[in-house]
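Here's the letter readout for the chains.
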Amino acid sequence: MIEFMDVTFVHQNGVRALDGVSLRVEAGEVVALVGENGAGKTTLVKHVTGLLKPASGSVLVDGVDTRKASTAQLSRKVGVAFQNPDHQLFSETVEEEMSFALRNFGYSPELVQNRVSWGLELFGLEEYRKSSPLVLSGGEKKRLTLACILAWDPQMVILDEPTVGQDSIQKEKLAGTIQMLMSTGKTIVVVSHDIEFLWPMQPRVVVMKGGKVVGDGPARELMQDRELLDSARVAQPQLVEFYQLLERRPRAPFVHPLDAGRWVEEGIRP
Amino acid sequence: MGDILEVEGLSFRYPEAPRNAVSGFDLAIPEGEIVVLAGPSGCGKSTLLRTVNGLIPHMYGGEYSGDVRVAGSSVKDSNMRDLAQSVGFLFQNPENQIFMFSVERDVAFGLENLGVPRSDMRARVDEALRLLKIGDLAQRAPHELSDGQKQRVALAGVLAMRPKLVILDEPTSLLDPKTASELVALVARLRRELGTTFVVVEHRLDLLVEVADRLVVMDGGKKVLEGTPRDVLFGEEAEAHGVAVPAITRVQKMLAGKVGVSADRLLAPSELAAAVEGRGA
């Protein structure tokens, strides 16, 4: 469980990046954090592992106040894949990169090897095992940071813009991985501009604007609130826009393109 | 108008690489087009771009065959200085190409390096600021700007060089959707006003298909699909090559020829809804 209680954070240049954020993410929930560039999403995420400490208010991770725990302690509970993978890759080889945290957490060499192989296979990186992380493409680096985090099996996972640089095949795999994590009861927070990627997961959606939470609810409801989305500069999923424009609508907005096609065919024809 | 970019039988293999990054590639892009280059990660897009701005073969070793010509001049026989003026390159992350203390100085940076006379430089910087509607930011420090503004500053620096061809490498990936659609509208406007040719590498096609003339798909270093966005996205093979077919296009495809939905061109969600309801479009 992650709990933000009236959290305020001010950057050195005086910009108030978080302005009284209160938010509670329950264990096993899937939350999409959306909002325009500069809304405070990444700053919020950095508070979870204690990289940033609140100027006022508090952040609790599994009941532990982030001001009273080290980043290492918090990292054991929460894995964060940051937006820019270059900020978290530093080893000589892909294999060492993946082993690093596992060894630090004291896993046996055999278990480290198993987890590394599992992660490399899951994210299609097996052929780079002995390569330097620096030769990977941007999209591959992002997948490597994800693999590193999932390998140590944290209870909570935060993904900051995971789809950047990923083609549609990789995005589908990523969606599958998130489904898999959901089914194992992990708490997942996804920060993303990629509304089309988020929509089929039907997450709880938290909308941020100017350092504040301005919307919070199930995707199905929140994504139909055009006024809120426009004010926060968040796009509406194409299928929701289409659904809202149809005069005869089914009870709930379409989640998948095939649902929309089938319903329209069956609903419109005599 | 002639072809601004011609790629003929291009193959390239990095030193010690097991296979070609680009293989037997042909492409001709007429001046003034907006072309989207798509394809799965590692398909050779970045390598192809490097052969256009000259980093390959001038800065990378490797086996190079075939030819790439920009405005009729062969890239391999041109020097980097000349290429920098004919081909503009906007990186994915604008922070990688913004580093001066003021927006104005940043936009002037490339021109200063070329030794453009001061009066001419002033005019070109002002023109670029005006085109991107960032004249009011001229004296600001780039690091204080929003991501969308930074991208405009970086693009102004590129346009001040008055390139004939501008390459945008995943320009919307770090932008929120509204800022991203503003950037796409900007590209369409610059093409209209300046006749600049744009090659855009992008995974997210929902915004770009509305303004693009052509969609080229690469896979395994080869060109596998080429056509109008409608033809490529309506085809059977696009998804197999890692192309993200927009959700609304998938619905349109399913309904094409039924319930009043046409397959002649790609429809936006509002147009598709209107067609389904028999309200035209």
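Residues numbered from 1 in each chain as written. Chains lettered and ligands numbered in written order. Predicted model: local features only at pLDDT ≥ 70, side-chain atom pairs only at ≥ 80, totals over all residues.

All names here are of chain A. Here chain A is partitioned into domain 1 (2-236) and domain 2 (237-270). Inter-centroid distance (C-alpha atoms) of domain 1 to domain 2 is 32 Å. Facing nine residues of domain 1, the contacting portion of domain 2 comprises 10 residues. When grouped by side-chain class, the residues that make up the side of domain 1 that touches domain 2 number four nonpolar, three polar and two charged. (Domains from an automatic or database assignment. Contact = placed C-beta atoms within 7 Å. Nonpolar A, V, L, I, M, F, W, Y, C, P; charged D, E, K, R; others polar.)

The subject of this paragraph is the pairing of strand β2 (residues 16-25) of chain A. Residues and elements named next belong to chain A. Direction of pairing for strand β1 (residues 2-10) relative to β2: antiparallel, over a ladder of seven bridges. If you follow F9 over to β2, its bridge partner there is L18. As consecutive antiparallel partners, β1 and β2 are separated by five residues, and within that stretch G14 has a phi angle of approximately 95 degrees, a positive value. (Pairing = 2+ DSSP bridges. Helix = DSSP H or I, 4+ residues; strand = E, 2+ residues; numbered from the N terminus.)

The predicted coordinates of low-pLDDT regions are not to be read in fine detail. When the pLDDT values of chain B are averaged, the result is 90; 99% of them are 70 or greater. For this predicted complex, the interface confidence comes out at an ipTM of 0.84, alongside a pTM of 0.87. (pLDDT = per-residue confidence, 0-100.)

The next thing to look at is the interface of chain B and chain A. Contacts between chain B and chain A engage 35 residues on the former and 34 residues on the latter. Among the elements that take part in the side of chain B that touches chain A, helix α9 (residues 247-255) of chain B stands out by supplying six residues, more than any other. Here the side of chain B that touches chain A is composed, by residue class, of 17 nonpolar, nine polar and nine charged.

Let's shift gears to unusual backbone geometry. All names here are of chain B. Following I56, the chain continues into P57 via a peptide bond in cis, with omega recorded as 10 degrees. Looking at where P57 falls in the secondary structure, it is placed in helix α2 (residues 55-58). The backbone of V259 shows a phi angle near 35 degrees, a positive value even though the residue is not glycine. Mapped onto the secondary structure, V259 falls in the loop between α9 and α10 (269-276). Residue V259 is classed as partly exposed on the basis of its 16 C-beta neighbours within 10 Å. (Buried ≥ 20, exposed ≤ 12 C-beta atoms within 10 Å, placed from the backbone.)

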